[in-house]
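Read off the chains here:
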Amino acid sequence: MTVPLILNILVFIVLLIVLSRLGRNGWSLSKKVLAGLVMGVLFGLALQLIYGDSAPVLKASIAWFNVVGNGYVQLLQMIVMPLVFASILSAVARLHNASSLGKISVLTIGVLLFTTAISALVGVFVTSLFGLSAEGLVQGAQETARLSAIQSNYAGKVADLSAPQMLLSFIPKNPFADLAGANPTSIISVVIFAAFLGVAALQLLKDDREKGERALKAIEVLQLWVMKLVRLIMKLTPYGVLALMTKVVAGSNLQDIIKLGSFVVASYLGLAIMFAVHALLLSVNGINPMRFFRKVWPVITFAFTSRSSAASIPLNVEAQTQRLGVPESIASFSASFGATIGQNGCAGLYPTMLAVMVAPTMGINPLDPVWIATLVGIVTLSSAGVAGVGGGATFAALIVLPAMGLPVTLVALLISIEPLIDMGRTALNVNGSMTAGTLTSHWMRQTDKRLFNSDEHQELAHR
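Here the structure is a predicted model, which is why all the values come from computation and not from measurement.

Caption draft 1: Summary view of the pattern of salt bridges. Under the definition given, this model contains three salt bridges. Between Arg 209 and Glu 213 there is a salt bridge; the shortest N-O distance is 3.2 Å. Linking Arg 209 with Glu 213, this pair stays in helix α10 (residues 209-234), spanning four residues, or about one helical turn. Accessibility expressed as a relative area gives 41% for Glu 213, which makes it partly exposed. Between Arg 425 and Asp 422 there is a salt bridge whose closest N-O contact spans 2.8 Å. Of the two residues, Arg 425 and Asp 422 are both situated in helix α21 (residues 418-443); the distance of three residues between them amounts to about one turn of the helix. We note that Arg 425, like Asp 422, is buried.

The structure is reproduced here in structure tokens:
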């Protein structure tokens, strides 16, 4: 270890200690998350200014910071499948009405797909507004290597993917493999498996009340046990955000960002418009959007820094049930479905922008109404099953572009700014799932209005 590396690690440890002491001073989790975010940005900027983004000492420092940042993300990934399984199983077992299960699923998925279609239209708008085109982008050595990796890692999974095959992939054939996350659509498969088990428990209750009640009691205990585990991991959120934000800011290449600045700005304008669309949908339905965003801010912050919709599921469910007053059954479904279906940022906005940029190079008018309608339809349908992990946007683009008869080369040319844009995309994905859960709960008249309108102290008392 060199002296600069040791100093960087020591400063990072000091920041972690400062964050831990904030908790002893009575700071809430959301305030600690915000503090971790600000400290990470400032520390990352300092490292960037001192060393530059490609210095060996900076890369070595980030590797050590990753022990905290990536370690936290891995702990979240550890509890994603148990949480989804236990939450859906418990939610279905508490319904006592199969029709409610269908209504929740239809409303939630409907909102997710509807907002994805809107995000596709927004993608067409912002790309045209900025006049973005794939012409003139240079494919260097880094981009060539990226394209090769994409073709070897993704192409085989996407090339022969059809709508019937995608739907079939949702149905679990080996639930244990899906619980291990073996497939891109494993989360949906686990949801379906848990839902069937829940319905089976209700059938057992009808046939043999004593055994059925024992099964329901076991499900309740399992769900409470998993939630205790979730809350243990949630306490580490500020430290994970600090490490992840430091890594993102310190490792950003400012020259590449400036070179592709128009695409970055257009992307974030599109993301901002979609956040406004979510707010409008809430407002039209009588839900205060400002209160909603204030309560879900810690989740959006984590999604932004972790770049993983799936890893955000625990925080997502926690925020909906403990802050927004959404019942656990709806929160579990919306968070789980939202991680793989109808991702507004990764599966809606991003592939649409790429398609509009590439179209002119193939002699296609990207503003042709029929072509736009076709693109929006394909984007919306293909958004089902996009994995909620890093690389999900690439997976979505590799479905949409070939389906529109367009080359996939552009995906590799944006590698340098991918992390920067992916943060905003993931935040939008997660906010979309929480919006879907909140709207579904409101339409079914199951929202706890007192909890939604309560302040933070009342929320803690509720817990």
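Caption draft 2: Here's a closer look at unusual backbone geometry. Phi at Arg 445 takes a positive value of approximately 55 degrees, unusual for a residue other than glycine. Following the sequence through the fold, Arg 445 ends up in the loop between α21 and α22 (449-453). For Arg 445, a relative accessible area of 78% gives the class exposed.

Caption draft 3: Structural view of the packing of aromatic side chains. Within the structure shown, the criterion is met by seven aromatic pairs. Taking the centre distance of 5.3 Å and the plane angle of 85 degrees together, the rings of Tyr 72 and Phe 302 count as edge-to-face. In this pair, Tyr 72 is assigned in helix α3 (residues 56-95) and Phe 302 in helix α14 (residues 289-306), connecting sequence segments 230 residues apart. Judged by relative accessible area, Tyr 72 falls into the buried class, the value being 3%. Here Phe 85 and Phe 193 contribute two aromatic rings whose centre-to-centre distance is 5.9 Å and whose plane-to-plane angle is 25 degrees, an arrangement assigned as stacked. Here the residue Phe 85 occupies a position in helix α3, and Phe 193 occupies one in helix α9 (residues 186-207), the gap between them amounting to 108 residues. Look at Phe 193 and you get partly exposed, because its relative accessible area is 24%. Over the ring of Tyr 350 we find Arg 425, and its NZ or CZ is 4.3 Å from the ring centre.

Caption draft 4: The arrangement of helix α18 (residues 369-382) in detail. In a regular helix each residue adds 1.5 Å, so 14 residues correspond to 20 Å; α18 covers 20 Å between its end C-alpha atoms and thus fits that length. For α18, the full list of buried residues reads Trp 371, Ile 372, Leu 375, Val 376, Ile 378, Val 379, Thr 380 and Ser 382.

Caption draft 5: Here's a closer look at the environment of Thr 394. Among the structural elements, Thr 394 can be located in helix α19 (residues 392-403). For Thr 394, a relative accessible area of 1% translates into the label buried. Expressed as a C-alpha distance, the spacing of Thr 394 and Val 411, which sit 17 residues apart in the sequence, is 6.9 Å.

Caption draft 6: Seen up close, the nonpolar core. Counting residues in hydrophobic clusters, the biggest one holds 119 residues, and the most contacted among them are Phe 263, Ile 313, Leu 354, Trp 371 and Leu 375. Looking at this core element by element, the count peaks at 15 residues for α3. Among all residues touching Phe 263, those that are not within four sequence positions of it are Leu 132, Tyr 350, Met 353, Leu 354, Met 357, Leu 414, Ile 417 and Ile 421.

Caption draft 7: Focus on the environment of Leu 22. Here Leu 22 is to be found in helix α1 (residues 3-24). For the pair Leu 22 and Lys 32, spaced ten residues apart in sequence, the C-alpha to C-alpha distance is 7.0 Å. Setting aside residues no more than four positions away along its own chain, Leu 22 makes contact with Trp 27, Lys 32 and Ala 35.

Caption draft 8: Structural view of the side chain of Ser 433. When you line up the elements, Ser 433 lands in helix α21. In terms of polar contacts, Ser 433 uses its side chain to reach the backbone carbonyl oxygen of Val 430, at 2.8 Å. Residues in contact with Ser 433, not counting those within four places in the same chain, are Leu 112, Asn 316, Gln 320, Ser 334, Ala 335 and Gly 338.

Caption draft 9: Structural view of the confidence of the model for the protein chain. Averaged over all residues, the pLDDT of the protein chain equals 84, while 87% of them reach at least 70. When pLDDT is averaged over each element of the protein chain, helix α13 (residues 261-284) comes out on top at 95 and helix α6 (residues 155-158) at the bottom at 50.

Caption draft 10: Spatial organisation of α3. Along its 40 residues, α3 runs 56 Å from first to last C-alpha, staying within 8% of the 58 Å computed at 1.5 Å per residue. At Asn 66, α3 shows its maximal bend, which comes to roughly 45 degrees.

Criteria and cut-off values
Residues numbered from 1 in each chain as written. Predicted model: local features only at pLDDT ≥ 70, side-chain atom pairs only at ≥ 80, totals over all residues. Heavy atoms only, no water. Salt bridge = Lys/Arg side-chain N within 4 Å of Asp/Glu carboxyl O. Helix = DSSP H or I, 4+ residues; strand = E, 2+ residues; numbered from the N terminus. Buried < 20%, exposed > 50% of the residue type's maximum accessible area, 1.4 Å probe, protein only. Phe/Tyr/Trp six-rings, centres within 6.5 Å; stacked < 30°, edge-to-face > 60°. Lys NZ or Arg CZ within 6 Å of the ring centre and 35° of its normal. Expected span 1.5 Å × (residues − 1). Core = buried A, V, L, I, M, F, W, Y, C linked by side-chain atoms within 4.5 Å. Contact = heavy atoms within 4.5 Å. Polar contact = N/O pair within 3.5 Å; in protein donor to acceptor, adjacent residues only side chain to side chain. pLDDT = per-residue confidence, 0-100. Bend = angle between axes of the 7 residues up to and from the residue.

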